[in-house]
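# Chains, contacts and geometry: an overview
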Amino acid sequence: MDIPVYLFAGFLDGGKTSFINGILRDGFAWENRTLLICCEEGAEEYDSKALRNVTVVNVGEEADLTRDFLKQCEKKYKPRQVMVEFNGMWSLGRFYQDALPDNWVLYQIMTMVEAATFDMYAKNMGQLMMEKITNADMIVFNRCDESLRAALRQRNLRMVNRRANIYLENSDGTSEDYADETVCPFDLSQDIIQIPDDDFGVWYVDVMEHPERYEGKAIRAKTVVCHLPQYPGEVILGRFAMTCCENDIAFLGLVARGEGFDAYENRAWADVTGIVHLERHKAYQGEDGPVLQVTALSPAEKPAQEVLTF
């Protein structure tokens, strides 16, 4: 039986225990027997009232966190899910590559960061800090103020991790999304903005929400070519994406013009380079939207992951 693993990463006093207490109080472990592996003890303790149906196991040394140890925990405690409060000084890569049993599935990595100490850790422990940023599915910067929010956005962490949800938790208890009109997930200074296969969905959302960013910009991407009779002389370039489940697959596409598309069958793969222009088009319900003027076109092999996920 597969066992989902939820890993909480970050350095000491980054807010991991507080976050874990919050989701336990909300009932995360009420229905499923849960194993909580604590690899780091900070000033805050787990809320004993929230530990119903939860077994806490402490691990003090990185060398003790082995596959054999975890299998012994599985046999002894029979968890249906596992939470790991990870030590900020330990390697994430060693854990999920060498220690994680085959039937323990890493569902989510959540990284908690004390906003005021982020620069210090990034400068002095760059590799340890950045692996927790680049591998995360969710990142929370705690105890932000106005100057810290501005400094974090100026660093544009979206270019380091495009898929993670990033949140700024403010000192007054409010929260806000890291992404705003000032933060772009791609380096717009490039002569040609390269869109990696896995990041097409991120780029598509950004170009649709902020098309003005890409006006006159050259992009290169691997896409599916779709011929639609309602758009003569044009094609729709994009990717299929699973937004929720296998029954919820949609095509994310934008209008394109250029020479050579007649040689491509419907749903053929192509490596495309072109210039983005904003135009009013019926494909965008009569609103301004991105239209790609293709300057280079060549056949492409479909990527390893044909359908995008978010």
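Below, the structure is looked at part by part.

Rules of the game
Residues numbered from 1 in each chain as written. Predicted model: local features only at pLDDT ≥ 70, side-chain atom pairs only at ≥ 80, totals over all residues. Heavy atoms only, no water. Phe/Tyr/Trp six-rings, centres within 6.5 Å; stacked < 30°, edge-to-face > 60°. Helix = DSSP H or I, 4+ residues; strand = E, 2+ residues; numbered from the N terminus. Buried < 20%, exposed > 50% of the residue type's maximum accessible area, 1.4 Å probe, protein only. Lys NZ or Arg CZ within 6 Å of the ring centre and 35° of its normal. 1 Å grid on protein atoms, 1.4 Å probe; cavity = no way out; pocket = protein on both sides within 12 Å on 5 of 7 lines; lining within 4 Å. Points joined across faces, edges and corners; volume = space filled by probe spheres on them. Nonpolar A, V, L, I, M, F, W, Y, C, P; charged D, E, K, R; others polar.

## Let's talk about the packing of aromatic side chains
Two aromatic rings, taken as a pair, are described by how far apart their centres are and by the angle between their planes. Considering all chains together, one arrives at ten aromatic pairs under this definition. Here Phe 200 and Trp 203 contribute two aromatic rings whose centre-to-centre distance is 5.7 Å and whose plane-to-plane angle is 55°, an arrangement assigned as tilted. Here Phe 200 pairs with Trp 203, and both are found in helix 7 (residues 200-209), just three residues apart, close to one helical turn. When its relative accessible area of 1% is taken as the criterion, Phe 200 is described as buried. A connected cluster of aromatic rings, assembled from ring pairs, spans Tyr 6, Phe 28 and Tyr 107. The cationic tip of Arg 52 hangs over the ring face of Trp 30; the distance from NZ or CZ to the ring centre is 4.8 Å. For the cation-ring pair, Lys 132 lies above Phe 11, with the distance from its terminal atom to the ring centre recorded as 5.5 Å.

## Observations concerning empty space enclosed by the protein
Think of a ball as big as a water molecule: rolled over the atoms, this probe shows where empty space is left. Taken as a whole, this structure holds one cavity of 30 Å³ or more when the rule is applied. Among the residues making up the lining of the largest cavity, the classes are represented as six nonpolar, four polar and three charged.

## Section: unusual backbone geometry
The backbone phi angle of Asp 13 is positive, close to 70°, even though this residue is not glycine. Relative to the elements of secondary structure, Asp 13 occurs in the loop between strand 1 (3-9) and helix 1 (16-25). The phi torsion at Arg 143 lies on the positive side, around 55°, for a residue other than glycine. Along the polypeptide, Arg 143 turns up in strand 6 (residues 138-144). What makes Arg 143 partly exposed here is its relative accessible area of 43%.

Everything listed here is a matter of coordinates, which is why it stays silent on function.
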